[in-house]
Amino acid sequence: MIYFLQHYWWTIVSLLGALLVALMFVQGGQSLLLGTARNKEEKMLLVNALGHKWELTFTTLVTFGGAVFASFPLYYSTSFGGAYWLWIVILFLFVIQAVSYEYRSKKGNILGYRTYEIFLFLNGMFGSMLIGVAVGTFFTGGSFVMDKMSITETFKPTISYWTNSWHGLEAIAVPFNLLMGIVVFLAARTLGLLYVIMQIDSETLKVKCKSQVKVTGVAFVILFVILLAALFTRTGYSVNPESGFIAPVQYKYFHNMVDTVWPGIMLLTGTVLVLWGLGTNNFSSGKNSFYITAGGIVLAVWSILLCAAFNNTAYFVSNYDIQESLTLYNSSSSLFTLKVMAYVSLLIPAVVVYIAYVWRALTRKQISSEDLNSQDSHKY
Amino acid sequence: MFLTTLTDLSRLQFALTAMFHWIFVPLTIGLGFIIAIMETYYVRSGKDFWKRTAKFWMKVFAVNFAIGIATGIILEFQFGTNWSNYAWFVGDIFGAPLAIEGIVAFFMESTFFAIMFFGWDKVSKNTHLTSTWLVAIGSALSAYWILVANAWMQYPAGMEFNPDTARNEMVDFWAVATSPVAVNKFFHTILNAFVLGAVVVVGISSWYLKKKREEEFSRKSIKIAAIFGLVSIVLLIYTGDGSAYQVAQKQPMKLAAMEGLYDGQNGTPLVAIGMLNNKKFKALRDNDSLGFELEKPYLFQISVPKALSFLGYRDINAFVPGINDLIKGGYKYKDSTGNYAIAQSLEEKIISGRIAINALASYNKAIKAGDDEGASTSKKDLRDNFHNFGYGYLKESKDIVPNVPLVFYSFRIMVILGGYFLLFFIVTLWLEQKEKIGRCKWYQIIAIISIPLVYICSQAGWIVAEAGRQPWTIQDLLPVQASVSGVSSSAVLTTIILFFILFSVLLAAELSILFKVIHKGPASN
């Protein structure tokens, strides 16, 4: 039973992670604030179109954190407590985003609208990239020591330590992590561009975004393929579920994809959807390009995250001592808690339904300058 | 030196973030319900006046909401970044309410927020009203799950320690989710938010009256907020009594600190007003036993005879242990089964805690060596002493005593201001009823001054709850020094400075925007 629930919860956490990557179209859209949206009106349209959705992304990030804490508390403890600076920088980037929408155009905002636009840009560019770097550590590991029984050392009871003073910032210098970060950013930006094309009633912005999708979308696809090649040729770490012994396995993630079958099917389907979405934008009206591409990205990211831990794989490897690596078996919550949380997860479809309803109500009509100047609008 | 250790700095960082978060959240919660009531008036009456009124308060709400969210995520992540030992030791229990908050409440709040602000011309009136109510309910639900998590730290229930995983594990979800401490804490906190929201509405409206602007808007806003506030403050005082009763049962050291009570007695009086002799607390901190013995606890005090015994134990002659009694033990108390027992001294608890910690280490060694008998013996020792597990990390008496002056004065500030707000709402409604509120200058000034006072009251309550439970992150089971992450003090100090600068700038921006919104007034709608 616990084996099933550990995998069930990794599936849920991975889905939340995949949804987060897709919902970071908001971050991708914010990265257009400097450069693409040139005049005041374009910036106002961009900020307001994204502003109707930013909280959904933010809430998904918070829920992702909560779900990881509830289901895999040892990861929460080891990664957050160890890769301190990486997570603190991510936090800062999201804190400055949260206030920027509401404050940017308000009188008396002290810092001036330009500062809030820079905040949104920084969050859009580096927030998404660093989330990607953090996801990369599922495959490259971290430099930590973990021993639960350290709690019995009364003078120094800390159960996990990072073994270098960079505390997670060194993850940015790992080529695989950096590549993952860039791919996540490009995915976000591609979706951001498609969202602007779909949602904003401004010909000049649409023309600019359509031409940028051709470059960004292609760069995203090429780097995504390189990322997959790097992933499938990496050495992963296999765990024996009985003994807990961890050993290196060449091409582990490729094996995971092939052995578990359905993540492989999801990855292929996701890739096809991304190509289809980008293709419809370039070669036809592109009315549904955003949704098709976003669906493809969710499936592809979901399958990659599943691959990180399924098929008896250590999902957070200790580069100091691989036997201290985290697996689904040694890092999860108890059977009771996983069961309780499984019941709670039955509420997720209801949440999805009302989110879909609200999304539809607010995106039924494109946003135009006239709408924003109407009496009833709450303008960012 | 204070604030040089990793533990002190981690505490300071969490306190800074939590207090900053708590500036914005109560207004969001309280105002959310007041706005929902106003919009209900609009939908039922069809009068544009109510729409305009609701929309003005929504502007105030929106400026607060954003910054509340921004600081909330820091708190969630800090359990991992700064309290990683804690995150493992109790993550099996503590993580669940946080995840439920996200799934059940936060999504509701943030999703319908979009309709509330951007949906006026996109959905029907009733759908919009429902969304506004759902935002308010979502914020309350969100608070519930966060307070379930907080209450569990102060009154751990529904769990068992698992020596194989070296952590506490949940065995009874409902004991965690509906613990009496959680339920009372929720009502006490949410009612505090209601009162705060009501005072802010009354205060801002009074400013308009003072400026002779927006009379109808202001008077109707005041009427709704004052009724809402009066009902809330009465219930708040009731839950405050419940809270004091629970503290007496579950956290006697916190109660002793709240009262500055060093030596307990039967029929203990309640200090209504008083001034502590700080030399006594200093002597305790400095391990100066002679000075501690000689110094009197108060410089002066006015007390209500036997009231503390009654409030804490519903018995005017009950014995209320003081700080000394809790250190020395030996007094009779009613245990969780309802039977009388003799309290252990701190020294005995420390020894018992160390037995538990050593037994866990021995158990682990025995399991690794395949020594079943040794494992069984260690497990029994651990089980018998686990209730004192956290004491094993402590060394001396000062370790279990919170900052008495801080808790004592915060408690009095909270209680005195609580009484003041009861009077404030009664006077407000009386003046409104007599139609004098528009002309009564002294009242208008008092109402404006009441805005900072309600924030002071709210923060003081938080200090009593959190500073009063020190040194425990989890009552009796894990002290703060055993909860922190393995990061350096300098790293935490750097983040404190960064957070402080960021928070200061954001607060200044928030207040500046808010003042502009208020200055512009509802007419701008």
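Up top is the structure.
Residues numbered from 1 in each chain as written. Chains lettered and ligands numbered in written order. Predicted model: local features only at pLDDT ≥ 70, side-chain atom pairs only at ≥ 80, totals over all residues.

Draft legend 1. How the structure looks around the overall build of chain A. Counting its secondary structure elements, chain A contains 16 helices and 4 strands. Relative to its length of 380 residues, chain A is compact, with a C-alpha radius of gyration of 21 Å against a globular reference of 21 Å. Each principal axis of the C-alpha distribution contributes one length, and for chain A these read about 65 × 45 × 40 Å. Burial status across chain A gives 57% buried among its 380 residues. (Helix = DSSP H or I, 4+ residues; strand = E, 2+ residues; numbered from the N terminus. Rg over C-alpha atoms; globule rule 2.2 N^0.38 Å. Buried ≥ 20, exposed ≤ 12 C-beta atoms within 10 Å, placed from the backbone.)

Draft legend 2. Molecular detail of the environment of B:Val63. Residues and elements named next belong to chain B. Mapped onto the secondary structure, Val-63 falls in helix α2 (residues 48-81). Owing to 24 C-beta atoms within 10 Å, Val-63 belongs among the buried residues under this scheme. Residues Val-63 and Phe-24, spaced 39 residues apart in sequence, show a C-alpha to C-alpha distance of 9.3 Å.

Draft legend 3. Representation of the packing of helix α5 (residues 73-82) of chain A against helix α4 (residues 91-118) of chain B within the structure. Contact geometry of α5(A) with α4(B) gives a least axis separation of 9 Å together with a crossing angle of 90°. Our classification of the angle between α5(A) and α4(B) gives roughly perpendicular. Facing α5(A), whose interface residues are A:Pro73, A:Tyr76 and A:Ser77, α4(B) presents B:Gly91, B:Asp92 and B:Gly95. For the contact of α5(A) with α4(B), the per-class residue count stands at 2 nonpolar, 3 polar and 1 charged. (Axes fitted to C-alpha atoms, helices over the stretch in contact; angles between N-to-C directions. Parallel < 35°, antiparallel > 145°, perpendicular 65-115°, else oblique. Contact = placed C-beta atoms within 7 Å. Nonpolar A, V, L, I, M, F, W, Y, C, P; charged D, E, K, R; others polar.)

Draft legend 4. Structural context of the packing of helix α1 (residues 2-23) of chain A against helix α12 (residues 289-309) of chain A. Residues and elements named next belong to chain A. Remark: α1 packs on α12, axes separated minimally by 8 Å, with the N-to-C direction vectors making an angle of 140°. Accordingly, the angle class assigned to the pair α1 and α12 is oblique. Handedness of the α1/α12 crossing: right-handed. Seen from α1, the contacting residues are Trp-10, Thr-11, Ser-14, Leu-15, Gly-17, Ala-18, Leu-19, Val-21 and Ala-22; seen from α12, they are Ala-294, Ile-297, Val-298, Val-301, Trp-302, Leu-305, Leu-306 and Ala-309. Considering only residue class, the contact of α1 with α12 consists of 14 nonpolar, 3 polar and no charged. (Left-handed = near helix turned anticlockwise from the far one by under 90°.)

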